[in-house]
Amino acid sequence: MKNVSIYKPSTIEEAIQILSTHGTEAGVYAGGTDLLIRLKNRIQQAPTYLVDIKKINNLRYIKEDGQGGLQIGSATKIAEIAESELVKKKYPMLAQAVSLISSPELRNASTLGGDLLQQVWCQYLRGGYDCFRNGGHICYGAIGDNSYYHSAMGGRLCYAVYPGDAAPALIALDAKVKLATPAGIKELTVEQLVPGDMTVDGRIQSHVVRFNEILTEVTIPAPTPGFQAYFEKLRPRGVWDFAMASTAVGLRLKGKTIDDARVVFGGIAGKPWRETAVEDFLRGKTLSVDLAEQAPATALANAAPLKYNATKIDMAKGLLRSTLEKINSAVA
């Protein structure tokens, strides 16, 4: 395993100062379920200096914001979110989504911030190949085995899929995040946080967080009257595995008329894929079984599957129909 040094700051300000001092050689350490594997595999982007934020106060909480919404600290464990009665009451779809992350053991260790910002799990990167993300000049996933971990919606430098489950659900809930930066607090939507593979501080990553910034909080607005949502995920095994495809659907209903919609796919692209064409199709229509059968035809028109992963598109469309059917049953 790569040799590292560990800092244990007591405040966010101190953590940012340490990160700023060591630049891209430093990284935030919270749950560690992704970071420790990257260190063990000696991936080039793995940090030399770990900034342990677990002891910093006010990063691990689930609380109401006074306006009917919810605030969740970035160091909150995934299991705590899945088991929270407050989350289950206000946003059952989020509890449903995070309960499907990995295994019980890892949900007890992993944090919300870690799930949102984790590195891709492409077998070539994790296996030490000299791909674009690991300092090389090729994406092996685009030309090799791309049946599981790679995008069916095209790509640029990297074709690996964004692996997180929390982000699709949070985007469907119009959630935002707060980043602590040297210049103060920065607020973004979750959709802006994880736009897909891009170069940040000279490194390819799926998120926009810079080397000296720390994700501190996720905020979710109050549920609107008539809001219904559902999340589904397909994976090879019942635990541990990442999504072959997933779908988060949120509908604002007036009776059974769809006033507004959010449709987000996971596991099929280098980012959580918000499908605005389906949202436009659903608005103003009456929720029904027939509508659930029609909607998938409008989805993923820009699909660009690689040699072995076209089935991801079929899976995603099937999940869209299934989630709409379940929401229809819930409000029938």
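About the cut-offs
Residue positions are counted from 1 within each chain, in the order its sequence is given. The model is predicted, so local features are restricted to residues of pLDDT at least 70 and side-chain atom pairs to those at 80 or more, both for listing and for counting; the totals for chains, interfaces and linings are taken over all residues. The basis for every side-chain value is the complete set of heavy atoms in the structure, and neither hydrogens nor water enter the calculation. Strands here are runs of E lasting at least two residues and helices are runs of H or I lasting at least four, both read from the DSSP assignment and numbered beginning at the N terminus. Exposure classes here rest on a 1.4 Å probe applied to the protein chains alone. A residue is buried below 20% of its type maximum, exposed above 50%, and partly exposed in between. Contacts were defined at the residue level, with two residues in contact if any of their heavy atoms lie within 4.5 Å. All tallies of charge rest on Lys and Arg as positive and Asp and Glu as negative; His and the ends of each chain are not included. By convention, the charge on Lys lies at NZ, on Arg at CZ, on Asp at CG and on Glu at CD. In this description, a nonpolar core means a group of buried Ala, Val, Leu, Ile, Met, Phe, Trp, Tyr and Cys residues linked to one another through side-chain atoms lying within 4.5 Å. Points on a 1 Å grid, built from protein atoms alone, make a cavity when a 1.4 Å probe fits but cannot get out and make a pocket when they are open with protein on both sides within 12 Å along at least 5 of 7 lines; residues with an atom within 4 Å of a point are the lining residues. Grid points are joined across faces, edges and corners, and a volume is the space filled by probe spheres set on the points. Whenever a carboxyl oxygen of Asp or Glu lies within 4 Å of a side-chain nitrogen of Lys or Arg, that contact is scored as a salt bridge.

Caption draft 1: Structural view of the overall build of the protein chain. Check the secondary structure of the protein chain and you find 14 helices and 14 strands. Counting only residues that meet the buried cut, the protein chain has 55% of its 332 residues in that class. Of all intrachain contacts in the protein chain linking residues separated by at least 6 positions in sequence, the fraction that spans at least 24 positions is 62%. Looking at charge distribution, the protein chain has the averaged site of its 38 positive side-chain charges lying 2 Å from that of its 33 negative ones.

Caption draft 2: Spatial organisation of the nonpolar core. Formed by 38 residues in total, the largest nonpolar core has its most connected members in Leu 94, Leu 116, Leu 170 and Ile 220. Among the elements that take part in this core, helix H10 (residues 166-172) stands out by supplying six residues, more than any other. Contacts of Ile 220, omitting those with residues within four sequence positions, involve Asp 65, Gly 69, Leu 70, Ile 72, Tyr 91, Leu 94, Leu 170, Leu 173 and Ala 175. Within the second largest apolar cluster, 28 residues are counted, among which are Leu 253, Ile 258, Ala 269 and Leu 282.

Caption draft 3: Summary view of empty space enclosed by the protein. Here the structure, examined in full by the defined rule, presents two cavities of 30 Å³ or more. In this structure, the largest cavity encloses a volume near 70 Å³. What lines the largest cavity is a set of 13 residues, among which Cys 122, Cys 131, Cys 139, Tyr 140 and Cys 158 lie closest to the centre. Broken down by secondary-structure element, the contributors of at least two residues to the lining of the largest cavity are helix H8 (123-126) and helix H9 (140-143).

Caption draft 4: Quick look at the pattern of salt bridges. Applying the stated criterion to the full structure yields 22 salt bridges. A salt bridge links Lys 233 to Asp 165, with the nearest nitrogen and oxygen atoms 2.5 Å apart. With a gap of 68 residues between them, Lys 233 in strand S11 (residues 227-234) and Asp 165 in the loop between H9 and H10 connect regions that are remote in the sequence. When salt bridges that share partners are traced, they join Asp 174, Glu 191, Asp 260, Arg 262, Arg 274, Glu 279, Asp 280 and Arg 283 into one network.

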